[in-house]
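# Observations on chain architecture
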Amino acid sequence: KGVRTLGFTEPFLHRSFDGVVQALGDHYFELHERRDVIKETLRNEEEQFRRTLETGSQMLGDELAKLKKAGTLAGAAAFRLYDTFGFPFEVTREIAEEGGFKVDYEGYLAAMAEAQERSRSGSAMGSVYAGVEGALTDVPTIFVGYDTAKSSATVLASRQLGEGRTAVALDLTPFYAESGGQVADTGALVLNGISLPVQDVHKKGGVFVHLVEGSIPEGAQVDAQVDEARRREITRNHTATHLLHAALRDVLGKHVAQAGSLVAPDYLRFDFTHGHAMTREETDKVERIVNEKVLAAHPVHIYEDLALQDAREMGAMALFGEKYSDRVRVVQIGGMRPSEPSFSRELCGGIHVRNTGEIGLFKITGESRAASGVRRIEAGTGTGAYEWVRQQRALIEEAAALLKSTPHDLTKAIEKTLDAL
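One structure accompanies this document, and this report is about it. (Residues numbered from 1 in each chain as written. Predicted model: local features only at pLDDT ≥ 70, side-chain atom pairs only at ≥ 80, totals over all residues. Heavy atoms only, no water.)

### Thoughts on the pairing of strand E12 (residues 221-226)
Heads up, the rule is: In this scheme, a residue with accessible area under 20% of its type's maximum is buried, one over 50% is exposed, and one in between is partly exposed, where area comes from a 1.4 Å probe on protein chains only. Counting from the N terminus, the helices are DSSP H or I runs at least four residues long and the strands are E runs at least two residues long. Any two strands are treated as partners once DSSP identifies two or more bridges connecting them.
A one-sided burial pattern is seen for E12, the buried positions being Val222, Ala224 and Val226 and the unburied ones Gln221, Asp223 and Gln225. In this sheet, E12 lies alongside strand E6 (residues 150-162) in antiparallel orientation, the contact comprising five bridges. Following the sheet pairing, Lys150 is matched in E12 by Gln225. In terms of strand pairing, strand E9 (residues 187-191) meets E12 through four bridges, oriented antiparallel.

Shown next as structure tokens:
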């Protein structure tokens, strides 16, 4: 309506946000806390919809031009506009009616139902959780992995899954279950001197389900051993995501907020709210800030079991839209030395390094679009960053050798070859 009826040529919806804050801000406190994020998101969404409206209107005009006067637009065509370009059916019908055309609504619904059925048949959705149908036990697992990577444990429940695998629930475990973007630990359960690999760990209702190669009976006593080398790589990447988040907010603005993440042993992926691609200068600045914090070896302090309100009052960042319990865990980087301000403070249940110096090296390897209004950074730390640098060096040396040059003179050698060609 703003574009087609009122003739607004520039994004306008985000301007109404101040009125929303004035009317509802006393009750919905996040409207104040996330003001920059919400306004930026509103602007980005409207800009995206304007592009959709422009593309869809042109396509719809072409479809209507094929029809006779006062004809009917096929429902399949209307659905194709929606499914391919995101063009709303209501807009299609409104534009068609303005031109004296009708739209086959029943045909539109039929096309949508057919597409939904194809999607359901291809996704193979079910109630299976981590390969386990139903709960193993209702006794919650005690997680001791913040303090140790090894512990003795008792098997509370065990279920064969086929293919030589067993789902195992322990009374306590040092294994971190996949959560908050951090992948699960791997390692082994040792039974009577035999090491049985733990492939994955999931959590449901407080119960940690360990997927184990081999068979373990209920009631057995086992030694649970996390792959510590792999965990160290994961913790380096996890703490680096906190540093990256803070650096992005410093460089790009306070509208930046985490929109998803993956913390694996070999790399990290961080999605954040931002409407435009980062420039080379911005990417370099973010990388430099993170590495400065790494080299400073800032202590990483964990506040355990804080009241949610206390965590908010101390400035801890939370994921927008995430549901938190009344008691939370806060990870703070920096701010533990005299006259040193904290650099990052976030609600987080993951495992982290003791100080940022353990990260070793932080290297951004990619920046791309993840979704509308959301950018994605991929990066590596520690061994992963070292391997990336080593591979880049090998690539440059190989290219220089092909041009009978040295890495230092590679650019000149390329220019000389191009001139000759």
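### With respect to the pattern of salt bridges
Convention followed: Any Lys or Arg side-chain nitrogen found within 4 Å of a carboxyl oxygen on Asp or Glu counts as a salt bridge.
Within this structure, the stated rule accounts for twelve salt bridges. In this structure, Arg376 engages Asp271 in a salt bridge whose closest nitrogen and oxygen atoms are separated by 2.7 Å. Here the residue Arg376 occupies a position in strand E19 (residues 374-381), and Asp271 occupies one in strand E14 (residues 268-273), the gap between them amounting to 105 residues.

### Focus: the sheet that holds strand E7 (residues 165-170)
Hydrogen bonds along the backbone pair up the strands of a sheet, which may run parallel or antiparallel. To keep it simple, the criterion reads: A fitted line through C-alpha atoms serves as each axis, taken over the contacting stretch for helices, and the angle formed by two N-to-C directions is quoted from 0 to 180°.
The sheet built from six strands closes into a barrel, its strands ordered E6-E7-E11-E10-E9-E12 with antiparallel pairing. Averaged over all pairs of adjacent strands, the angle between strand axes in this sheet comes to 45 degrees, irrespective of strand direction.

### Re the side chain of Thr283
Basically, it comes down to this: Note on contacts: a residue pair qualifies if any of its non-hydrogen atoms lie within 4.5 Å across the two residues.
Within the secondary structure, Thr283 sits in helix H8 (residues 280-295). The exposure class of Thr283 is buried, given its relative accessible area of 14%. Residues in contact with Thr283, not counting those within four places in the same chain, are Met278 and Ile364.

### Regarding the packing of helix H7 (residues 228-252) against H8
Formally: Angle categories: roughly parallel below 35 degrees, roughly antiparallel above 145, roughly perpendicular from 65 to 115, and oblique for all the rest. By definition, any crossing whose near helix is turned counterclockwise from its far helix by less than a right angle is left-handed, and any crossing with a clockwise turn is right-handed. Each residue is assigned to one of three groups, with Ala, Val, Leu, Ile, Met, Phe, Trp, Tyr, Cys and Pro labelled nonpolar, Asp, Glu, Lys and Arg labelled charged, and all others, Gly among them, labelled polar.
Viewed as axis vectors pointing N to C, H7 and H8 meet at an angle of 135 degrees, and their least axial separation amounts to 9 Å. By the angle between their directions, the pair H7 and H8 is classed as oblique. Note that H7 runs across H8; the crossing there is right-handed. Contact residues: H7 offers Leu243, Leu244, Ala247, Leu248, Val251 and Leu252, while H8 offers Glu282, Lys285, Val286, Ile289, Val290, Lys293 and Val294. Across the contact of H7 with H8, the residue classes tally to ten nonpolar, no polar and three charged.

### Observations concerning the layout of surface pockets
In plain terms, the rule: Grid spacing is 1 Å over the protein atoms alone, the probe is 1.4 Å, and a cavity is where that probe fits but cannot get out, while a pocket is an open set with protein on both sides within 12 Å along at least five of seven lines and lining residues have an atom within 4 Å of a point. Grid points are joined across faces, edges and corners, and a volume is the space filled by probe spheres set on the points.
Taken as a whole, the largest pocket holds about 770 Å³ of empty space. Here the lining of the largest pocket is built from residues that sort into 16 nonpolar, twelve polar and nine charged. In this model, the second largest pocket occupies a volume close to 510 Å³. Contributing to the lining of the second largest pocket are 19 residues, with Tyr146, Thr235, Ile351, His352 and Arg354 lying nearest its centre.

### Let's talk about the nonpolar core
Here is the rule: Residues belong to one nonpolar core when they are buried, are Ala, Val, Leu, Ile, Met, Phe, Trp, Tyr or Cys, and are joined through side-chain atoms within 4.5 Å.
Formed by 28 residues in total, the largest nonpolar core has its most connected members in Leu244, Leu248, Phe272, Val286, Phe362 and Ile377. If you list the elements that add at least two residues to this core, you get H7, E14, H8, strand E16 (327-334), strand E18 (362-371) and E19. Looking at which element gives the most residues to this core, the answer is H7, with eight residues. Those residues in contact with Val286 that sit more than four places away from it in its chain are Leu244, Ala247, Leu248, Val251, Met278 and Ile364. Within the second largest apolar cluster, 20 residues are counted, among which are Ala153, Leu191, Val198 and Phe208.

### Digging into the sheet that holds strand E17 (residues 342-347)
As summarised here, the arrangement of the three strands in space is E15-E16-E17, forming an open sheet in which the pairing is antiparallel. Each of the sheet's edge strands pairs with one partner strand only, and the pair in question is strand E15 (300-307) and E17. Across the sheet, the axes of successive neighbouring strands diverge by a mean angle of 20 degrees, strand direction being ignored. In this structure, E15 lies alongside E16, joined through six bridges in antiparallel fashion. Across the sheet, the residue bridging to Leu306 is Val328, located in E16. Together, E15, E16 and E17 form the strand contacts of H7, whose direction differs from that of E17 by roughly 115 degrees.

### Quick word on the environment of Pro174
Note on placement: Pro174 falls in the loop between strand E8 (172-173) and E9. A residue is classified by how much of its surface remains accessible, and Pro174, at 0% relative accessible area, is buried. Along the backbone, Pro174 and Tyr146 are 28 residues apart, and their C-alpha atoms lie at a distance of 7.6 Å. In this structure, Pro174 is in contact with Phe143, Val144, Gly145, Thr148, Ala149, Lys150, Ser151, Asp185, Ala224, Val226 and Arg231, ignoring residues within four places of it in sequence.

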